[in-house]
Amino acid sequence: MARLIDAADPAALEERTRRGFAARFGRDARIVASAPGRANLIGEHTDYNDGFVLPFAIARRTAVAAAPRADRVVEVAGAFAPGTLRLSLDAPIGRGEPRWGDYVRGVIDECLVLPQGALDPGGFDAWIESDVPAGAGLSSSAALEVAIAAAIEMLARRTLDPLAKAALCRRAEHRFAGVPCGIMDQMASVLARENELLLIDCRSLEFVHVELPASAGVEIVVVDSELPHDLGEGEFAKRVEQCSAAATKLGLASLRDARQGDLERLACDEDSILYARARHVVDENRRVHEAVAAIRTNDWSRLGALLDESHASLRDLYQVSRPEMDALVEDLRCAGALGARMTGGGFGGCAVALFERGATRSLAPPRWPKNTGSRSSPA
Ligand code: GLA
């Protein structure tokens, strides 16, 4: 059964997190930091190919309440997942249990080895609460990383450059979670603002905010397929490798630089998978630019068509959708969406759909009875 991702109240989240901290540690938190999850409107599997993406922050955040300790120990727990993380800032930091703790360990470790001088928070206790559903492809991991990094900034009384913060969180994910992700999720969580999309050039890391105000007359909805998401990680790494192999065959630094003529050189039988992957990346980068142009000219039917094309390409060329996700996207179109597609890494997770504002009243979950999966993976 699919589920609409509605907005959560950030003030209530902050209050809950402060109360959780006080109940666990028997004193008041000194600071509260938070960061949002993200969805991606278009530009999927392009970030690790040096390409373009157009994500936005969802109205759901992860919050960290913290207070310093007198020693060099860090103790972190939360209502969002079981287990307690305990580490010493003076001992080597490695992966361990609980698994969610690896995101926290990774960010702390990266802060301590920053080339421009350690960002050292000193020992602290922290309590985490989250409104970002885990395992739904909404970057709950990036929200956790960025919220922890923001808490460390506050405890250490030093602010990082936003791009440096995003890059640090991405390195933490590579090293401690073993996911060779691109920069989209962390940049979106650090930089995206409400009612705006964030156009990122993942090579230069230049970004611009693209407004989507309520007066535009359209809205983007995010729907969780609630499908099991377990296949994702190995398949994600495989896609990253295939893209890199395609670029190497073409003698290019990355698929960002591939042109139509290049692609034909991959079209022979033995390279047909590489051709399909590269074709998707080249077309998807073009679609991102076309989507921005459509938004700037209020051409909503064009934007909807681009979302539909993106989904077809992810399904047929990149092969990261699932039949149940295809059915959900189709159901959203039947419910009146101008366009819809899977969002995020794929193999389950969420769909995004463009609706005329107010036309989403029919989106009661029973409209999507085809999807019966239930999620089992925690991350
Ligand atoms: C995951 C990764 C991102 C990006 C998307 C696909 O969310 O973490 O870096 O590659 O998949 O667009």
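Student: Tell me about the site of the ligand, and please be specific about residues and values.
Tutor: Near the ligand you find Arg 38, Glu 44, His 45, Asp 47, Tyr 48, Cys 181, Gly 182, Met 184, Asp 185, Phe 236 and Gly 345, and these make up its full shell. Contact between the ligand and Gly 345: an oxygen atom at 3.5 Å from a main-chain N or O atom of the residue. Calculation on the ligand without its partners gives an accessible area of 310 Å², and the protein chains cover 92% of this total. Looking at the shell around the ligand, its residues break down into 4 nonpolar, 3 polar and 4 charged.

Student: So, the nonpolar core: which residues are in play, and what are the values?
Tutor: Grouped together as the largest cluster of nonpolar side chains are 76 residues, with contacts concentrated most on Val 104, Val 107, Ile 108, Leu 255 and Leu 332. The leading source of residues in this core is helix H3 (residues 140–156), at 9 residues. When near neighbours in sequence (up to four residues on either side) are disregarded, Val 104 contacts Val 76, Leu 85, Ile 128, Leu 144 and Ile 148. Residues Val 132, Ala 143, Leu 199 and Leu 306 belong to the second largest nonpolar core, which totals 32 residues.

Student: Talk me through the pattern of salt bridges; I want residue IDs and the actual numbers.
Tutor: Overall, the coordinates contain 39 salt bridges when judged by the stated rule. Between Asp 201 and Arg 256 there is a salt bridge, and its shortest N-O distance comes to 2.9 Å. Here Asp 201, found in strand S8 (residues 196–201), pairs with Arg 256, found in the loop between helix H6 (232–249) and helix H7 (260–264); they are 55 residues apart in sequence, far enough to count as distant. The same class applies to Asp 201 and to Arg 256, which are both buried. Glu 284 is the salt-bridge partner of Arg 287, the closest N and O atoms lying 2.9 Å from each other. Pair noted here: Arg 287 and Glu 284 are both in helix H8 (residues 272–296), with a separation of 3 residues, about one helical turn.

Student: Outline the side chain of Ser 225, listing residues and values.
Tutor: Relative to the helices and strands, Ser 225 resides in the loop between strand S10 (218–224) and H6. In this structure the side chain of Ser 225 is engaged in a polar contact, spanning 2.6 Å, whose partner is the backbone oxygen of Gly 349.

Student: Got a sec to walk through the pairing of strand S4 (residues 55–68)? Specific residues and values, please.
Tutor: Summarising burial for S4: 11 of the 14 residues are buried, a large majority. Here strand S2 (residues 31–40) pairs with S4 via 9 bridges, running antiparallel. Bridging across to S4, Asn 40 finds its partner in Pro 55.

Student: Mind laying out the sheet that holds strand S3 (residues 52–53), listing which residues take part and the relevant values?
Tutor: Strand-to-strand pairing in sheets goes through backbone hydrogen bonds, with the strands running parallel or antiparallel. A sheet is described by the order of its strands in space; here 3 strands give the open sequence S3-S8-S9, paired in antiparallel fashion. Each end of this open sheet is capped by a strand with a single partner; those strands are S3 and strand S9 (207–211). In the sheet, S3 pairs with S8 via 2 bridges, with the strands oriented antiparallel. Residue pairing for S8: Phe 52 is matched across the bridge by Asp 201. Here helix H5 (residues 184–191) sits on the sheet and contacts S3, S8 and S9; the angle it forms with S8, its principal contact strand, is near 135 degrees.

Student: Account for the sheet that holds strand S5 (residues 73–78), naming residues and giving values.
Tutor: Spatially, 5 strands are ordered S2-S4-S7-S5-S6 in an open sheet, and the strand pairing comes out mixed. Only two strands of the sheet have a single neighbouring strand rather than two, namely S2 and strand S6 (85–88). This sheet shows a mean twist of 20 degrees between the axes of neighbouring strands, independent of strand direction. The pairing of S5 with strand S7 (residues 124–130) spans 5 bridges and is classified as parallel. Residue pairing in the sheet places Glu 75 in a bridge with Asp 125 of S7. Docked against the sheet, helix H2 (residues 101–112) engages S5, S6 and S7, running at close to 25 degrees with respect to S6.

Student: How would you summarise the environment of Gly 106 if you had to cite specific residues and measurements?
Tutor: Structurally, Gly 106 can be placed in helix H2. Sequence-wise, Gly 106 and Glu 173 are 67 residues apart; in three dimensions their C-alpha atoms are separated by 6.9 Å. Those residues in contact with Gly 106 that lie beyond four places of it in its chain are Ala 172 and Phe 176.

Rules of the game
Residues numbered from 1 in each chain as written. Predicted model: local features only at pLDDT ≥ 70, side-chain atom pairs only at ≥ 80, totals over all residues. Heavy atoms only, no water. Near = heavy atom within 4 Å. Polar contact = N/O pair within 3.5 Å; in protein donor to acceptor, adjacent residues only side chain to side chain. Areas by Shrake-Rupley, 256 points an atom, 1.4 Å probe, with all protein chains shown as cover. Nonpolar A, V, L, I, M, F, W, Y, C, P; charged D, E, K, R; others polar. Core = buried A, V, L, I, M, F, W, Y, C linked by side-chain atoms within 4.5 Å. Buried < 20%, exposed > 50% of the residue type's maximum accessible area, 1.4 Å probe, protein only. Helix = DSSP H or I, 4+ residues; strand = E, 2+ residues; numbered from the N terminus. Contact = heavy atoms within 4.5 Å. Salt bridge = Lys/Arg side-chain N within 4 Å of Asp/Glu carboxyl O. Pairing = 2+ DSSP bridges. Axes fitted to C-alpha atoms, helices over the stretch in contact; angles between N-to-C directions.

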